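Here are the chains, one letter per residue:
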Amino acid sequence: MLESRWYEGREQALVKHTFLDTYMPAQIPKIVSWADTFCYVDLFAGPWQSRSGDCSDTSFGIALKRMCEAKAKQAELGRSVRMVAHLVEKDPKNFVELVEAVKRFPDVEVHCYQGMAEQHAATIAAALPVRAFRFVVIDPKGVPDIRKFQCLIEPDRTEVLLNFMFQFANRFAGSQDRMPTLEGWLGDLQGEAEWRSEFVELRGADREAAISERARQVLKRMGTYAFAPALTVDETDVDRTLYKLIYLTRHPAGIKVFRDAHRKALETQSEYRTAKKAEVRKNATGMDDLFAQTTVMEPGERSARAISEGETQARALLLQRIADSADGLEWKALWPAVLDACVVTYGALGEIARGLWSSGEVEVPAWQSQAVKRPKDEFHFRLPQAG
């Protein structure tokens, strides 16, 4: 279990690690039910400012722990799976700590590389078994040229989690300064197109949405991915985006797991930001806030709003997609696109769909009983027929 005391002063890492610690135990068992090898690739492994004593508060520590657990569970089921990790770290001191830390995970075949991630990407890509499933984490401190990692992004049987440093992109988009490593990949795959002019007149949420959408679409093209949702990680003390965690997957099952982990990460972010604001108020007034929220997650906090607004947007998009199809659509054609576009879990979207059916706003001929709590993939949704 992640402990908040490990993350004082670096609360954004708690959000990211909450996501990983929720995603990996949910996704790995699904993957190794058909894949004999699961590969974890971390191109900027660290460890960075670890305080747990055993690297439980690092991305690679979380990943390797969950891989060991999944391997043991599969062994109980009589199935042998191979767990492999490729970890890159540039800093010599951190690299020594990394090599020592991974000894705690003997059930994972770990390969460590010292140096620049760009220098090792091709070597790692060549070492990965063709039929292995790969989860690639690209979490730099700066702004590398993502095209250098395309050899790891584009293969089949791959999912990617990438830290898109929105603050850098936002600042660069509004200046005359050049940042070739960012401009190249965010422009297009060849780096020839000028993209900043599109954002000059945009401000606030519109600007953030436009820049984020461009990043998502470019990354999708790099590996012909079907889905590229993003998790917004905020600064601790102000309502401002620090970075986006963009997730790439080709399969609906991936987007389903992502949104569950996304929801958990947003709840964590909302809870610590709510507590932080309460602490600031207390320090400013010298007394406890008698009117503070009794819940750990203030409804008006940004992440809490993202959850509630995401469900509202999902309802509207679901109705819109049904209305746009003259013959209606099956549930399996509806839910993946809605989960890709909206901050909503598969379970919450199922509840929304059930509500629309119960109220008569949509017709689902195969949904014959209130005892059926969630739509099935083959359920056909349509707007009520006239007459």
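For the structure given in this document, a descriptive report is provided here. These numbers come from a predicted model, not from an experiment.

Here the focus is the overall build of the protein chain. Within the protein chain, the secondary structure is distributed over twelve helices and nine strands. Taking 387 residues into account, the globule formula puts the C-alpha radius of gyration at 21 Å, and the protein chain, at 22 Å, falls close to it. Along the three orthogonal principal directions, the C-alpha set of the protein chain runs to about 75 × 60 × 50 Å. Considering only contacts within the protein chain whose residues lie at least 6 apart along the sequence, 69% involve residues at least 24 apart.

Evaluation of the coordinates by the stated rule reveals 25 salt bridges. A salt bridge links Glu109 to Arg82; the nearest nitrogen and oxygen atoms lie 3.0 Å apart. Residue Glu109 is located in strand E3 (residues 109–114), and its partner Arg82 is located in strand E2 (residues 82–89); the two are separated by 27 residues in the primary sequence. The partner of Lys332 in a salt bridge is Glu330, with the nearest N and O atoms 3.6 Å apart. Classification of Glu330 as partly exposed rests on a relative accessible area of 29%.

Among the nonpolar cores identified, the biggest contains 53 residues, and Phe19, Phe38, Tyr40, Phe60, Met83, Phe135 and Leu231 are the most heavily contacted of them. At ten residues, the largest contribution of residues to this core is made by helix H1 (residues 11–32). Beyond its immediate stretch of four places on either side in the chain, Met83 contacts Ile28, Val32, Phe38, Met67, Ala70, Lys71, Asp107, Val108 and Glu109. Ala125, Leu186, Leu219 and Ala228 belong to the second-largest nonpolar core, a separate cluster that totals 38 residues.

Here we take up the sheet that holds strand E7 (residues 241–248). Overall, mixed pairing links the seven strands, which are arranged E3-E2-E1-E4-E5-E7-E6 in an open sheet. Each of the sheet's edge strands pairs with one partner strand only, and the pair in question is E3 and strand E6 (230–234). On average, each strand axis in the sheet is inclined to that of its neighbour by 10 degrees, with strand direction left out of account. Pairing geometry for strand E4 (residues 133–138) and strand E5 (residues 158–164), over five bridges, is parallel. Across the sheet, Ile138 pairs through a bridge with Leu162, a residue of E5. Seen against the sheet, H1 touches strand E1 (37–42), E2, E4, E5, E6 and E7 and runs at an angle of roughly 5 degrees to E7. Helix-sheet contacts for helix H3 (residues 92–101) involve E2 and E3, and the interaxial angle to E3 is about 170 degrees.

This part covers the pairing of E5. Along E5, seven of the seven residues are buried, which leaves the element largely enclosed by surrounding structure. Residues Thr158, Val160, Leu162 and Phe164 of E5 are buried on one face, and the alternating residues Glu159, Leu161 and Asn163, pointing to the opposite face, are buried as well. Examined bridge by bridge, E5 and E7 share five bridges and lie antiparallel to one another. Bridge pairing in E7 links Leu161 to Tyr247.

This next bit is on the environment of Gln27. Relative to the assigned elements, Gln27 resides in helix H1. In the structure, Gln27 is positioned 227 residues away from Gly254 in sequence and 7.6 Å away in space, judged by C-alpha atoms. Not counting residues up to four positions away in its chain, the partners in contact with Gln27 are Glu159, Tyr247, Ala253, Gly254 and Val257.

As a further point, take H3. Considered for burial, the residues of H3 that qualify are Asn94, Phe95, Leu98 and Ala101. For H3, the angular spread of buried residues about the axis comes to 125 degrees, placing them on one side. Set apart from the buried face of H3 by more than 90 degrees, the exposed residues are Lys93 and Val96. On the buried face of H3, the contacting elements are helix H2 (59–76), E2 and E3. Near the N-terminus of H3, the side chain that reaches the backbone nitrogen of Lys93, with its oxygen 3.1 Å away, is that of Asp91.

With the rule as written, the count across this model stands at 16 aromatic pairs. Taking the centre distance of 6.1 Å and the plane angle of 80 degrees together, the rings of Phe44 and Phe149 count as edge-to-face. Pair noted here: Phe44 is in the loop between E1 and H2 and Phe149 is in the loop between E4 and helix H5 (150–153), with a separation of 105 residues, a long-range link. Ring geometry for Tyr247 against Phe258: centres 5.0 Å apart, planes inclined by 10 degrees, an arrangement best described as stacked. Separated by eleven residues along the polypeptide, Tyr247 in strand E7 and Phe258 in helix H9 (residues 252–285) bring together distant segments of the chain. With relative accessibility at 0%, the residue Phe258 sits in the buried group.

This part takes up unusual backbone geometry. The omega torsion across Gly46 and Pro47 is 15 degrees, close enough to zero to call that bond cis. Locating Pro47 in the fold gives a position in the loop between E1 and H2. With a phi close to 65 degrees, Cys55 is a non-glycine residue in the positive phi region. Residue position: Cys55 is located in the loop between E1 and H2. The class of Cys55 is buried, set by a relative accessible area of 8%. Although it is not a glycine, Thr224 sits at a positive phi angle of roughly 45 degrees. Tracing the backbone shows Thr224 in the loop between helix H8 (204–223) and E6.

How each quantity is defined
- Residues numbered from 1 in each chain as written.
- Predicted model: local features only at pLDDT ≥ 70, side-chain atom pairs only at ≥ 80, totals over all residues.
- Heavy atoms only, no water.
- Helix = DSSP H or I, 4+ residues; strand = E, 2+ residues; numbered from the N terminus.
- Rg over C-alpha atoms; globule rule 2.2 N^0.38 Å.
- Contact = heavy atoms within 4.5 Å.
- Salt bridge = Lys/Arg side-chain N within 4 Å of Asp/Glu carboxyl O.
- Buried < 20%, exposed > 50% of the residue type's maximum accessible area, 1.4 Å probe, protein only.
- Core = buried A, V, L, I, M, F, W, Y, C linked by side-chain atoms within 4.5 Å.
- Pairing = 2+ DSSP bridges.
- Axes fitted to C-alpha atoms, helices over the stretch in contact; angles between N-to-C directions.
- Arc of directions from axis to C-beta.
- Polar contact = N/O pair within 3.5 Å; in protein donor to acceptor, adjacent residues only side chain to side chain.
- Phe/Tyr/Trp six-rings, centres within 6.5 Å; stacked < 30°, edge-to-face > 60°.

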